[in-house]
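# Structural description and commentary
Single-letter residue listing:
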Amino acid sequence: MTAMLSVEGLHAGYGRSSVLRGIDLHLDEGEAIGLLGPNGHGKTTLLRCVSGLHRPTAGDIRFQGASLLPLSPRAVLRRGVVQVPQGSRLFPRMTVADCLRLGGAANPDRSARRPLLDEVFGLFPKLQQRSAQLAGTLSGGERQMLSIGIGLMAGPRVLILDEPTLGLAPKVKHELADAIRQLRGRLEALVLVDGDMDLVLRATDRFYVVESGQVVQTGDSVAGADSARMMSLFLGDV
Ligand SMILES: Nc1ncnc2c1ncn2[C@@H]1O[C@H](COP(=O)(O)OP(=O)(O)OP(=O)(O)O)[C@@H](O)[C@H]1O
Ligand SMILES: [Mg+2]
């Protein structure tokens, strides 16, 4: 079976500094994968390459068998590869409803917009309550919900979430983590990057650890979650 999305021998950097040094990974249809790894080791750079926002220096990224590299970011989005960027900035003077409408405008299937909006409001009831509110007045957690909602409105075949829980208070983080786990069953495929290792391992099927621009470990998330729990037992923080 051809993978839905595959990254093959990917190299990328900024000027003379090389950040990605031969990344290989794949995502099958119906699968959720997690990317883990220390800060500044290339996770966001990798995701930006997938979305066509950063140009790799070598390697390939294929979606359903065809290379994404010749495509513009907009064309990648229209194929259904949708990314919710790290610390995504919203339009502060637009209402929640207008932001979601803007997300829907990226969806080539017009008839899907209404059901998707219902789905977003089902997942994040707070967004429905605040639909007339300006995005700039939302709390950090609500802003993150809105960013994910905008991504969902675009009709993702693969949804890519880059650090959705970064900087959130524990209570809000749990709320968002629940929503991400629910999402997992509804999407065709999911890529999740987050500093919360437990969330990543619980919400995905497989994981990759990216260090110094290379995949240094990969495995089954359930087994990974068990060993992470074992590790915290040993360290005495549970
Ligand atoms: N626009 C840029 N120009 C120059 N260097 C950059 C740029 N963006 C990222 N870098 C550098 O590339 C390296 C990888 O950064 P990247 O954001 O991909 O890592 P990350 O794994 O997503 O980190 P984090 O966990 O902090 O989000 C870092 O050393 C970073 O400083
Ligand atoms: Mg990052």
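Residues numbered from 1 in each chain as written. Chains lettered and ligands numbered in written order. Predicted model: local features only at pLDDT ≥ 70, side-chain atom pairs only at ≥ 80, totals over all residues. Heavy atoms only, no water.

Note the cut-off: UniProt positions are given in the numbering used here, feature names are shortened, and annotations may be inferred rather than shown by experiment.
As recorded in an unreviewed UniProt entry, the protein goes by ABC transporter ATP-binding protein and comes from Nakamurella endophytica. Among the UniProt annotations of the protein, the heading Sequence similarities (unreviewed entry) holds the following wording: "Belongs to the ABC transporter superfamily."

### Here's the deal with the nonpolar core
The cut-off we apply is this: Put simply, a nonpolar core is a bunch of buried Ala, Val, Leu, Ile, Met, Phe, Trp, Tyr and Cys residues held in one set by side-chain atoms that sit within 4.5 Å of each other. Per-residue accessibility, obtained with a 1.4 Å probe over protein chains only, is compared with the maximum for each type, and a residue is labelled buried under 20%, exposed over 50%, and partly exposed between these values. Contacts are assigned to residue pairs that have any heavy atoms within 4.5 Å of one another.
One finds Phe-124, Leu-146 and Leu-159 to be the most contacted residues of the largest nonpolar core, which totals 43 residues. Apart from the residues within four sequence positions on either side, Leu-146 is in contact with Leu-90, Val-96, Cys-99, Leu-100, Leu-127, Ala-135 and Leu-138. Counting 30 residues, the second largest nonpolar core, distinct from the first, contains Val-19, Leu-20, Cys-49 and Leu-71.

### Things to note about the pattern of salt bridges
Rules: What counts as a salt bridge is simple: a side-chain nitrogen of Lys or Arg found within 4 Å of a carboxyl oxygen of Asp or Glu. Numbering of helices and strands runs from the N terminus, with a helix taken as a DSSP run of H or I at least four residues long and a strand as a DSSP run of E at least two residues long.
A full pass over the atoms with the stated rule returns 12 salt bridges. Measuring nitrogen to oxygen at the nearest pair gives 3.1 Å for the salt bridge that ties Arg-114 to Asp-118. Residue Arg-114 and its partner Asp-118 are both found in helix α4 (residues 113–123); the two are separated by 4 residues, about one turn of the helix. Judged by relative accessible area, Arg-114 falls into the exposed class, the value being 53%.

### Here we look at the sheet that holds strand β10 (residues 214–220)
The following threshold applies: At least two DSSP bridges between two strands are needed for those strands to be called paired. Angles here are taken between N-to-C directions and fall from 0 to 180 degrees, while the axes themselves are lines fitted to C-alpha atoms, restricted in helices to the stretch in contact.
The mixed open sheet is built from 6 strands, whose spatial order is β6-β7-β8-β3-β9-β10. Looking along the sheet, the strands with just one partner apiece sit at the ends: β6 (81–84) and β10. On average, each strand axis in the sheet is tilted by 15° relative to the strand beside it, whichever way the strands run. Judged from the 4 bridges that link them, strand β3 (residues 32–36) and strand β8 (residues 189–193) form a sheet pairing that is parallel. In the sheet register, Leu-35 faces β8, and the bridge partner there is Val-193. Along the sheet, helix α6 (residues 140–153) makes contact with β6 and β7 (158–162), crossing β6 at roughly 170°.

### Some points on the packing of α4 against α6
Put simply, the rule reads: Working rule for angles: under 35 degrees goes down as roughly parallel, over 145 as roughly antiparallel, 65 to 115 as roughly perpendicular, anything else as oblique. The sense of a crossing depends on the near helix, which, turned anticlockwise from the far helix by less than a right angle, makes the crossing left-handed and, turned clockwise, makes it right-handed. Amino acid classes used here: Ala, Val, Leu, Ile, Met, Phe, Trp, Tyr, Cys and Pro are nonpolar; Asp, Glu, Lys and Arg are charged; the rest, including Gly, are polar.
Relative orientation of the contacting elements α4 and α6 amounts to 155°, with a least axis distance of 9 Å. Taken together, α4 and α6 sit at an angle that is classed as roughly antiparallel. At the point where α4 passes α6, the crossing takes the right-handed sense. Of α6, the residues touching α4 (which contributes Arg-113, Leu-116, Leu-117, Val-120 and Leu-123) are Gly-149, Leu-152 and Met-153. The class makeup of the residues in the contact of α4 with α6 is 6 nonpolar, 1 polar and 1 charged.

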